[in-house]
Amino acid sequence: MRVPDIRHAAVVAKAIADDFYDDRLDLSARDVAPGSTWSRIPEVECVTRLGNTGASPRAIRLFLTFVAAMDRARDATRLWNNGIELFQAHPEFFEPSEASAIPLSMLRAWLSQYGVSQRHGPDSSAWHTIARSLAVEGNPVSRVVDSGVGNAGELLSYLRTSYMGQYRFPFLRGPKIGPMWVRMLVAPGGATIDDIGTIPVAVDVHVRRVTRNLGVVDTLDMAEDKARQVIQDTWLAGVAATSIGGPRGVAGTCAALDPALWFFGKFGCSHCENAPQPVPIGRACNHCQLRVSA
């Protein structure tokens, strides 16, 4: 692995974020529905739909919390769309006090039927546990969901706590999902979270692919945990060295870069790696290590 070039990371971060938030990505060669790129992010689209039906800010943050916990090695678009169908049909599954009282077998059946769970036993058990933890008032996670106010470091720390040998927030506490969930609470969830600039990008296959393909840092031969740390540190330093936009509450931070990286990886790099000839979608493609057509 070569030493990360922070100046290069800054240039790439700005190009991706600016093209993403200013709707300058060329998606003409992709099978992508029309609309702004930010609105195409699965959880953003679903929150917009919920807001249009009159869902409260608290209900939206509960929706984001429960569905985010299920977002592990999944087709994100399908998961979030399935989640909104479940929410509309059975809102009680998203209300902590009610969900924690639902028999686990019934919860498992409905999560499976709506395609929200994937590993039905562990997923439904995690949902139940998260509901019980959220039903306890006064902790940082319950407060941010209920009132929309919190601190990034405190939230990530509390996600990792346990009670009587059981994690309070299984799956939600993971190194990918945790940072992603905190960002979602702010945008599109509307929460106000202090120290959001400390939240790193949520590293998945798409973010790792972008980081490598655009020459920011190659972690191909690194173990997953080590690669994640290097990628997060590099993008944090890169964003700190430049100025990027983003939604209110996350602009100028890796929390704003995160969805832009994911989108770029899914519709940019992933497409090009499987196409006969790579086709660029934005200015960052000028730094691509693949063969890009003119």
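What counts and how
- Residues numbered from 1 in each chain as written.
- Predicted model: local features only at pLDDT ≥ 70, side-chain atom pairs only at ≥ 80, totals over all residues.
- Heavy atoms only, no water.
- 1 Å grid on protein atoms, 1.4 Å probe; cavity = no way out; pocket = protein on both sides within 12 Å on 5 of 7 lines; lining within 4 Å.
- Points joined across faces, edges and corners; volume = space filled by probe spheres on them.
- Helix = DSSP H or I, 4+ residues; strand = E, 2+ residues; numbered from the N terminus.
- Nonpolar A, V, L, I, M, F, W, Y, C, P; charged D, E, K, R; others polar.
- Contact = heavy atoms within 4.5 Å.
- Disulfide = S-S within 2.5 Å.
- Buried < 20%, exposed > 50% of the residue type's maximum accessible area, 1.4 Å probe, protein only.
- Core = buried A, V, L, I, M, F, W, Y, C linked by side-chain atoms within 4.5 Å.
- Axes fitted to C-alpha atoms, helices over the stretch in contact; angles between N-to-C directions.
- Parallel < 35°, antiparallel > 145°, perpendicular 65-115°, else oblique.
- Left-handed = near helix turned anticlockwise from the far one by under 90°.
- Salt bridge = Lys/Arg side-chain N within 4 Å of Asp/Glu carboxyl O.

Engineer: Give a description of the layout of surface pockets that names residues and reports values.
Structural biologist: Approximately 660 Å³ is the volume attributed to the largest pocket. Listing elements by their share of the lining of the largest pocket, those giving two or more residues are α2 (42-52), α4 (76-89), α10 (177-186), α11 (205-213), α12 (224-240) and α13 (254-273). For the lining of the largest pocket, the per-class residue count stands at 17 nonpolar, two polar and 13 charged.

Engineer: An account of the side chain of aspartate 123 is requested, with residue identities and associated values reported.
Structural biologist: Mapped onto the elements, aspartate 123 comes out in helix α7 (residues 120-134). Residues within four places of aspartate 123 in sequence aside, it is in contact with Met70, Arg72, Leu111, Ser117, Gln118 and Phe171.

Engineer: Mind laying out the state of the cysteines, listing which residues take part and the relevant values?
Structural biologist: Tallied over the full model, the rule gives zero disulfides. Among the cysteines around cysteine 288, which has no disulfide bond, cysteine 269 carries the closest sulfur, lying 6.0 Å off. Given the relative accessible area of 18%, cysteine 288 is considered buried.

Engineer: Can you break down α10 residue by residue, with the values?
Structural biologist: A large share of α10 lies buried, amounting to ten of its ten residues. Inspection of α10 places Ile177, Gly178, Pro179, Met180, Trp181, Val182, Arg183, Met184, Leu185 and Val186 among the buried residues, and these make up the whole buried set.

Engineer: Could you give me a rundown of the nonpolar core, with the residues and numbers involved?
Structural biologist: Phe63, Trp80, Trp127, Trp181, Ile193, Trp235 and Phe264 are the most contacted members of the largest nonpolar core, which totals 97 residues. Here the element with the most residues in this core is α13; it accounts for eleven residues. In this view, tryptophan 80 contacts Pro42, Glu43, Cys46, Phe63, Leu64, Val67, Ala68, Asp71 and Met184; residues no more than four positions away in its chain are not counted.

Engineer: How would you summarise empty space enclosed by the protein if you had to cite specific residues and measurements?
Structural biologist: The full count for this structure, using the stated rule, is one cavity of 30 Å³ or more. One number sums up the size of the largest cavity: a volume of about 80 Å³. Contributing to the lining of the largest cavity are twelve residues, with Gly268, Cys269, Cys272, Cys285 and Cys288 lying nearest its centre. The class makeup of the residues in the lining of the largest cavity is eleven nonpolar, one polar and no charged.

Engineer: Residue-level account of the packing of helix α3 (residues 57-69) against α10, with values.
Structural biologist: Between two packed helices, both the angle of their axes relative to each other and the distance between the axes serve to describe the pair. The N-to-C vectors of α3 and α10 enclose an angle of 160°; their axes lie 10 Å apart at closest approach. The angle between α3 and α10 places the two elements in the roughly antiparallel class. When the axes of α3 and α10 are compared, the crossing they make is right-handed. Taken together, the residues of α10 that come into contact with α3 (itself represented by Arg61, Leu64, Thr65, Ala68 and Ala69) are Ile177, Met180, Trp181, Met184 and Leu185.

Engineer: Outline α2, listing residues and values.
Structural biologist: Within α2, burial applies to Pro42, Glu43, Val44, Cys46, Val47 and Leu50. On its buried side, α2 packs onto α3, α4, α10 and α13. The first or second residue beyond α2 is glycine 54, which carries a positive phi of 90°.

Engineer: So what about the packing of helix α1 (residues 6-21) against α12? Which residues, and what values?
Structural biologist: Direction vectors running N to C along α1 and α12 enclose 75°, while the axes themselves pass 7 Å from each other. With respect to their mutual orientation, α1 and α12 come out roughly perpendicular. Residues Ile6, Ala9, Ala10, Val12 and Ala13 of α1 pack against Thr234, Trp235, Ala237, Gly238 and Val239 of α12. Residues belonging to the contact of α1 with α12 are distributed by class as follows: eight nonpolar, two polar and no charged.

Engineer: Describe in detail the pattern of salt bridges, supporting the description with residues and values.
Structural biologist: When charged atoms on two side chains of opposite charge get close, those side chains can pair. A complete count under the given rule lists 15 salt bridges for this structure. Residue aspartate 22 pairs with arginine 24 through a salt bridge whose shortest N-O separation is 3.2 Å. Using a relative accessible area of 44% as the deciding quantity, one classes aspartate 22 as partly exposed. Its salt-bridge partner being arginine 58, residue glutamate 95 comes within 2.9 Å of it at the nearest N-O pair. Here glutamate 95, found in the loop between α4 and α5 (96-99), pairs with arginine 58, found in helix α3; they are 37 residues apart in sequence, far enough to count as distant. Given a relative accessible area of 28%, arginine 58 falls into the partly exposed group. Within this structure, Asp19, Asp22, Arg24 and Arg283 form a network of salt bridges that share partners.

Engineer: I'd like a rundown of unusual backbone geometry, residues and numbers included.
Structural biologist: Among all residues except glycine, the phi angle is most often negative; among peptide bonds, the trans geometry is most common. A cis amide bond links alanine 187 with the next residue in sequence, proline 188, at an omega value of 25°. Within the element layout of this structure, proline 188 appears in the loop between α10 and β4 (192-194). Although it is not a glycine, aspartate 23 sits at a positive phi angle of roughly 55°. The topology assignment puts aspartate 23 in the loop between α1 and α2. The backbone of methionine 164 sits at a positive phi, close to 55°, despite the residue not being glycine. Inspection of the secondary structure assignment puts methionine 164 in the loop between β2 (162-163) and β3 (166-167).

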